Number of protein chains: 2
Amino acid sequence: MLRRALYRQVKVSAPASTANLGPGFDVFGLAIDAYSDEVELVLEDDKSDSYSDSSSSSIPSIDSLTIEVHGSSMNAEHIPEAAEYNSAGLALLSMMKAYNIRDRIRVRVNKGIPAGYGLGSSAASAVAAVKALDVMYDLGLDDVTLLRHAAQGEIASAGTVHYDNVAASLLGGFVIVRQEPLYTVKVEPPEDLLLCVATPKVDVPKGKTGVARSVLPEKIMLRQMVSNVANASMLVAGFLMKDTRLIADAMMRDVVVEPARMHIIPAYASVKKAALDAGALAVTISGAGPSILIVVDANDNVKDVVDAVDTAYSREGIECYVKVCKIAGGVSVLECR
Amino acid sequence: MLRRALYRQVKVSAPASTANLGPGFDVFGLAIDAYSDEVELVLEDDKSDSYSDSSSSSIPSIDSLTIEVHGSSMNAEHIPEAAEYNSAGLALLSMMKAYNIRDRIRVRVNKGIPAGYGLGSSAASAVAAVKALDVMYDLGLDDVTLLRHAAQGEIASAGTVHYDNVAASLLGGFVIVRQEPLYTVKVEPPEDLLLCVATPKVDVPKGKTGVARSVLPEKIMLRQMVSNVANASMLVAGFLMKDTRLIADAMMRDVVVEPARMHIIPAYASVKKAALDAGALAVTISGAGPSILIVVDANDNVKDVVDAVDTAYSREGIECYVKVCKIAGGVSVLECR
């Protein structure tokens with residue numbers, strides 16, 4: 001049965017996110033209110049009223065979607081508008097095939113999130129897109145189903161399906177994701193958890209996530225696993241017990257991914273040292289980088305940390321954006337018409 | 001300065017424990033009320049009143065301790081009474097050296113916990129011993145310090161210092177342990193968490209823990225770490241959110257230790273299948289085995305599970321003890337005189 005749209009136009013916003021948080025590689029995601037993407041779906045020619053029309057009965061394909069990328073966030077101009085290379089496009093196609101949606105849809109992606117900087121940009125676009133389609137066709141899909149489709153979008157940017165950023169962007173807060181079988185647990189973070197993301201204005205190569213994955217060891221020592229399991233467990237306990245110090249302490253103790261990746265993150269060692277010297281509670285790589293996630297103490301001088309980070313990048317000749325932020329809620333519907 | 005005893009006789013009890021809980025190898029411990037050990041310290045000749053006595057000023061050594069092992073728990077008769085091979089002895093010596101305790105002490109260990117069966121027997125004796133000494137000399141040591149000394153006792157049975165069983169036995173409840181730097185987080189488990197430990201009456205070789213460690217891979221795939229981090233995180237969230245189903249589900253998903261060890265655990269596959277078929281929520285190896293830990297649903301027919309486990313062992317010609325139990329509190333002081 002062909003699906004009929006309930007609305008002709010739906011606009012949805014999804015927050016940026018940071019993944020890994022140190023020991024939780026490919027497992028932890030955290031939604032942050034530093035940036036967000038908006039996706040607006042507009043029905044181009046509503047064929048759901050005229051079932052006889054031949055074009056509407058064609059299999060949903062890349063031709064069903066016209067994608068426009070707007071916005072002036074870093075790197076937005078390099079985001080492909082071809083549906084098969086665009087995270088929102090891939091996610092929407094996956095869903096349209098699953099639910100037999102054959103209308104032509106215009107997709108306006110308004111980028112607020114720097115693209116390719118480890119802040120879940122592609123995930124946010126995909127999440128906003130699948131939520132918009134869910135609302136537009138009144139599908140009432142559950143979170144895990146939305147997650148599965150949104151994660152298809154990650155193939156466009158990362159080459160593989162992974163769920164940490166999409167889960168955080170969809171659900172908000174702190175999210176634990178298990179991939180096989182897919183399952184998520186969302187936890188409300190401590191209210192006073194204050195963060196800072198620093199994004200260096202450097203060129204990010206196409207396929208950056210692939211590079212960031214290629215530097216990881218394929219095999220690790222069993223004792224490294226024990227260490228990361230312990231600290232990931234401490235971090236989860238910290239979120240549930242609303243203990244920011246415990247979260248920050250555990251975040252700093254990844255013995256697998258940070259040591260392997262830090263040399264590909266511009267100015268990482270010096271920015272980390274500067275932030276900690278200025279009183280930051282924790283510093284880690286945001287997702288695959290090059291952005292850096294910093295936990296700051298709300299009672300301390302946040303400005304000191306921001307200034308120190310700024311100065312550290314400058315000293316290495318790198319311009320940067322530093323944003324103080326808090327935990328974000330998940331995806332939200334802005335408008336349905 | 002020589003320490004003077006506050007009491008001449010102190011008796012302490014410490015519960016059995018189960019470690020690992022699937023994905024939390026060397027990280028998770030859980031105190032269980034299935035069994036417990038009692039340790040009584042008795043001052044043999046109180047030299048703390050006569051500082052001039054030469055024997056009291058000798059360095060604390062194995063000669064300071066006379067250890068007697070009583071009790072009829074499985075394997076109790078094989079526990080060495082020489083202080084340097086006894087977990088309570090090693091733990092006490094570590095503490096006596098650290099706090100300059102030079103009295104001669106008689107140590108009566110009353111074993112209630114099957115020894116060498118993966119139920120934290122050596123840990124419980126060590127924990128009870130250090131707590132008793134702490135009380136006897138009014139040292140007022142904090143948990144981490146007691147933990148460090150108690151863990152020295154594990155060298156007697158396992159050959160290495162590890163903290164999962166000692167932490168659970170000391171603190172009670174569910175405990176997350178990070179070894180380096182040493183830190184513990186204790187979580188109160190859901191009140192309705194009902195467990196079952198099945199202990200097969202098989203010969204356990206000396207150095208069993210060493211064997212159980214030797215079958216583990218030295219290196220693992222990175223993706224195995226990701227899976228275990230995810231499920232350990234789910235398990236921690238389950239304990240904190242009091243969600244028994246989540247705990248049980250995560251407990252079953254260890255992809256590293258159980259697959260490597262199950263072939264050395266007598267009748268493991270058939271007992272696991274029998275328990276699950278009878279309605280158990282989860283089955284895993286208790287510590288280094290051969291005991292098996294089973295999570296049962298308090299609302300279901302626990303007797304069915306116990307009978308099924310019993311029958312499965314019998315079919316393989318193995319006698320077993322099956323104990324239904326709940327989570328235990330930590331170490332407790334029974335008597336000071």
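All of these numbers come straight from a predicted model, not from anything done at the bench.

A word on the domain arrangement of chain A. Residue and element names in this part refer to chain A. We note that the domain assignment places domain 1 (9-188 + 328-336) and domain 2 (194-326) within chain A. One C-alpha centre belongs to domain 1, the other to domain 2, and the line joining them spans 26 Å. Across the contact, 30 residues belong to domain 1 and 37 residues belong to domain 2. Taken together, the two surfaces of domain 1 and domain 2 that pack against each other cover about 2700 Å², and 64% of this comes from carbon and sulfur. The largest contributions to the domain 1 side of the interface with domain 2 come from Pro23, Phe25 and Tyr117, which together make up 22% of the buried area. Put simply, domain 1 and domain 2 have one salt bridge between them. For the salt bridge of Asp26 with Arg213, the shortest nitrogen-to-oxygen distance reads 2.7 Å. Scanning the region where domain 1 abuts domain 2 turns up eleven residue pairs in polar contact (both at pLDDT 80 or more).

What follows is about the UniProt feature "domain: GHMP kinase C-terminal" (unreviewed entry) in chain A. In the numbering adopted here, UniProt assigns the feature "domain: GHMP kinase C-terminal" (unreviewed entry) to residues 242-313 of chain A. Strand forms 12% of residues 242-313 of chain A and helix 49%; the C-alpha atoms that close the span are 32 Å apart.

Turning our attention to the packing of aromatic side chains. On inspection of all chains with the given rule, the structure shows four aromatic pairs over all chains. Between the aromatic rings of Phe174 of chain B and Phe239 of chain B, the centroid separation amounts to 3.9 Å while the plane-to-plane angle is 5°, which identifies the pairing as stacked. With a gap of 65 residues between them, Phe174 of chain B in strand β5 (residues 174-178) and Phe239 of chain B in helix α7 (residues 222-240) connect regions that are remote in the sequence. In this structure, Phe174 of chain B and Phe239 of chain B share a single accessibility class: buried. One aromatic cluster is present, formed by Phe28, Phe174 and Phe239 of chain A through successive ring pairs. Positioned above the aromatic ring of Tyr35 of chain A is the side chain of Lys323 of chain A, whose terminal nitrogen or guanidinium carbon lies 5.0 Å from the ring centre.

With that out of the way, let us pick up the sheet that holds strand β7 (residues 194-200) of chain B. All names here are of chain B. Spatial strand order, β9-β10-β7-β11: four strands in an open sheet with antiparallel pairing. Each edge of the sheet is formed by a strand with only one pairing partner; in this case those strands are β9 (282-285) and β11 (320-326). Between one strand and the next, the sheet's axes are offset by a mean angle of 20°, whatever the strand orientation. Across the sheet, helix α8 (residues 244-251) touches β9 and β10 (292-296), and the angle it forms with β10 is around 150°. Lying over the sheet, helix α11 (residues 302-315) contacts β7, β10 and β11, oriented at roughly 155° with respect to β11.

According to UniProt, the feature "domain: GHMP kinase N-terminal" (unreviewed entry) maps to residues 92-173 of chain A in the numbering used here. Taken end to end, residues 92-173 of chain A is 56% helix and 9% strand, and its first and last C-alpha atoms sit 24 Å apart.

In this section: unusual backbone geometry. A cis amide bond, omega 5°, links Gly289 of chain A with the succeeding residue Pro290 of chain A. Mapped onto the elements of the fold, Pro290 of chain A is located in the loop between β9 (282-285) and β10 (292-296). Following Glu180 of chain B, the chain continues into Pro181 of chain B via a peptide bond in cis, with omega recorded as -5°. With respect to the secondary-structure elements, Pro181 of chain B resides in the loop between β5 and β6 (183-187). A positive phi is found at Asp26 of chain B, a non-glycine position, where the angle reads about 65°.

Let us now look at the relation of the copies chain B and chain A. Once turned by 180° and shifted 0.0 Å along the axis, chain B lies on chain A with an RMSD of 0.0 Å. When the rotation and shift are considered jointly, the pair of chain copies conforms to a two-fold rotation axis. Most of the interface of chain B is mirrored in chain A, where 100% of its interface residues are also at the interface.

As a further point, take the interface of chain B and chain A. Each partner contributes residues to the interface: chain B has 38 residues there, and chain A has 38 residues. Interface area, chain B with chain A, both sides summed: about 3200 Å², of which 78% is carbon and sulfur. Summed over the shared surface of chain B and chain A, the result is two salt bridges. Across the salt bridge formed by Arg178 of chain B and Asp249 of chain A, the nearest N and O atoms sit 2.9 Å from each other. In this assembly, chain B and chain A are joined by seven residue pairs in polar contact (both at pLDDT 80 or more).

Looking now at the side chain of Asp134 of chain A. Residues and elements named next belong to chain A. Take Asp134: it is sitting in helix α2 (residues 121-136). As a buried residue without a salt bridge, Asp134 has its nearest oppositely charged side chain in Lys131, at a separation of 4.0 Å. Excluding its chain neighbours within four sequence positions, the residues that come into contact with Asp134 are Met95, Leu139, Gly140, Leu141 and Leu146.

On to the packing of helix α3 (residues 143-152) of chain A against helix α5 (residues 164-171) of chain A. Residues and elements named next belong to chain A. Put simply, α3 and α5 touch, their axes get as near as 9 Å, and they point 130° apart. When the interaxial angle is binned, α3 and α5 end up oblique. The interaxial crossing formed by α3 with α5 has right-handed handedness. Each of Asp143, Leu146, Leu147, Ala150 and Ala151 in α3 lies in contact with α5, whose residues at this interface are Val166, Ala167, Leu170 and Leu171.

Conventions adopted
Residues numbered from 1 in each chain as written. Chains lettered and ligands numbered in written order. Predicted model: local features only at pLDDT ≥ 70, side-chain atom pairs only at ≥ 80, totals over all residues. Heavy atoms only, no water. Domains from an automatic or database assignment. Contact = heavy atoms within 4.5 Å. Buried area = accessible area lost by both parts, 1.4 Å probe. Salt bridge = Lys/Arg side-chain N within 4 Å of Asp/Glu carboxyl O. Polar contact = N/O pair within 3.5 Å; in protein donor to acceptor, adjacent residues only side chain to side chain. UniProt positions renumbered as here; feature names shortened; annotations may be inferred. Helix = DSSP H or I, 4+ residues; strand = E, 2+ residues; numbered from the N terminus. Phe/Tyr/Trp six-rings, centres within 6.5 Å; stacked < 30°, edge-to-face > 60°. Buried < 20%, exposed > 50% of the residue type's maximum accessible area, 1.4 Å probe, protein only. Lys NZ or Arg CZ within 6 Å of the ring centre and 35° of its normal. Pairing = 2+ DSSP bridges. Axes fitted to C-alpha atoms, helices over the stretch in contact; angles between N-to-C directions. Least-squares fit on C-alpha atoms with pLDDT ≥ 70 in both. Lys, Arg positive; Asp, Glu negative; His and termini not counted. Parallel < 35°, antiparallel > 145°, perpendicular 65-115°, else oblique. Left-handed = near helix turned anticlockwise from the far one by under 90°.

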